[in-house]
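Each chain, letter by letter, is given below.
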Amino acid sequence: MIRSTLALTTLIHLALALTTAADPERVPNEEVDESCKRAAKFLISQQFPNGCIQELKRMNRRNDRQTPKQGVAMTALAIMGLASIGHLPGDPTDEGEAMRKALEFVLDPRHQHNEEGSPSDGYFGTADQSRMYGHGIITLMLAEMLGMGVDEAMDAQIRGSCQRAINLILRSQNVKRQKRNQGGWRYEPGQADADLSVTVWQLMALRAAKNAGLDVPTEAIAQGVQYVRNCYHSRYKDGKPIDKDRGFGYEAGGAAKFSTTAEGLLSMQVCGQYEAPEVIGASNYLLENGPRWGDEWFFYGTYYYAQGMAQRGGEYASTSKQKTALEMLKRQQRDGSWRSGEGHGAGAIYCTSLALLSLSVHHNYLPIYQR
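Being a predicted model, the structure only gives us computed values, none of them experimental.

Q: How should the overall build of the protein be read in this particular structure?
A: Scanning the protein from N- to C-terminus turns up 14 helices and two strands. Taking all 371 residues of the protein together, the buried fraction comes to 54%. Carbon and sulfur atoms make up 51% of the accessible area of the protein, which totals about 16500 Å².

Below, the structure is given as structure tokens:
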């Protein structure tokens, strides 16, 4: 009996060894988690006394500006990254304290107003010049932080600020547009055209806010989903795509790319379209067209790819998780950051926050990514 047990144990160890040898590039969760811890340390090391998380060289002090260029949006993105690996503003840790200060910075009333300075407008895109792109990121973060404030007063502030931001998104969606652009958004609230990258941030913010109980019309989400469908690169017949395994373009009628296909995939699933033909086609497209270092918008696309393929599950999730880890871990800097020229010089806060959101799929902490 002892010999049989030893023989069985030996066979199990041999099988495990052969599996590891056959897949030498498989990245253990422990290595991913360690990488994420280093990234979190980097992000909080870049925080200024006022709570802003932004690289010093990115700070813009021209004309005595109190808000650095893209500073509110990058701070919000950093909060999302930290939350995705389990940190909360009320935690008695360095990360928790940094998140509290970061939230207070974002919630400063001076950061949410229109060009005339009216705080009732609800717009985040003017103060730090991040426009609707930044507005969507900030609104999504606030929706995810609802109920996560350090006290009831902060929770009430988050809720009020988030609802005003949502109202701005809804007003912007209702700008008169051509049929192919209806339901979408562009870089300024009053623009009459649309693109997928700006649209997806607004759409995910709407979905997160509705999940959290804020006032978001179901029709607004449906219209946003229809615009995303308009960007799917396929001919249609009877409302269904004819061409299989295609991706999404940057604008309606545009050619498919890795980054835009990934964002279309995630946004449709977040809005409940898990088995839509566009989702299935985009998933298959991304199995053959995964992230590659040097691709345009690598960090941005990989974030959407990792989260979108994780939603699909099965082979899609396992393949994307390993590809993401392999690409990210070997690119991480000694200080825990990731850097590239992506995002017109958005810098290490942008890249590191998106890397965290890409690597944190196995935690699944943020509500917006929970199926």
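Now, onward.
Q: Quick question: what am I supposed to make of the side chain of S197 here?
A: Here S197 lies in helix α7 (residues 196-211). On the basis of relative accessibility, which here comes to 6%, the residue S197 falls in the buried class. Among the polar contacts made by the side chain of S197, one reaches the side chain of D195 at a distance of 2.8 Å. Discounting chain neighbours no more than four positions away, the residues touching S197 are Y133, Y187, Y250, E263 and Y300.

Q: When you look at the packing of aromatic side chains in this model, what are you seeing that I'm missing?
A: Between two aromatic rings, the relevant description is the distance of the centres plus the angle of the planes. By the definition in use, this model includes 13 aromatic pairs. Taking the centre distance of 6.4 Å and the plane angle of 10 degrees together, the rings of Y133 and Y187 count as stacked. You can see Y133 sitting in helix α5 (residues 131-145) and its partner Y187 sitting in the loop between α6 (152-173) and α7, a full 54 residues away along the chain. Exposure remark for Y133: the relative accessible area of 17% places this residue in the buried category. On the basis of an interplanar angle of 65 degrees and a centroid distance of 6.2 Å, the ring pair of Y133 and W201 is categorised as edge-to-face.

Q: Whenever I open this one, the environment of D245 confuses me. Can you help?
A: In this fold, D245 is placed in the loop between β2 (240-241) and α9 (258-270). Of the residues examined, D245 reaches a relative accessible area of 41% and is grouped as partly exposed. Residues D245 and P277 lie 32 residues apart in sequence; the distance between their C-alpha atoms is 9.0 Å. With residues up to four places along the chain from it excluded, the contact list for D245 reads Y232, G281, N284 and Y285.

Cut-offs and rules
- Just so you know, the residues in each chain are numbered from 1, in the order the chain's sequence is written.
- Only residues with pLDDT of at least 70 get local features here, since the model is predicted, and only at 80 or more are side-chain atom pairs given and counted; chain-wide, interface and lining totals rely on the full set of residues.
- Side-chain metrics in this entry use all non-hydrogen atoms of the structure; hydrogen atoms and water are not considered.
- A helix here means a DSSP run of H or I that spans at least four residues, while a strand means a run of E at least two residues long, and both kinds are numbered starting from the N terminus.
- For the exposure calls, accessible area comes from a 1.4 Å probe over protein chains only, and a residue counts as buried if that area is under 20% of its type's maximum, exposed if over 50%, partly exposed in between.
- In this description, accessible areas are obtained by the Shrake-Rupley approach with a 1.4 Å probe, and a residue is regarded as covered only by the protein chains that are shown.
- Think of a polar contact as two N or O atoms within 3.5 Å of one another; within protein, one of them needs to be a possible hydrogen donor and the other a possible acceptor, and neighboring residues in sequence only count if both atoms come from side chains.
- By definition, residues are in contact when any of their heavy atoms lie within 4.5 Å.
- Note on aromatic contacts: the rings of Phe and Tyr and the six-membered ring of Trp form a pair at centre separations within 6.5 Å, being stacked when their planes are under 30 degrees apart, edge-to-face when over 60 apart, and tilted otherwise.

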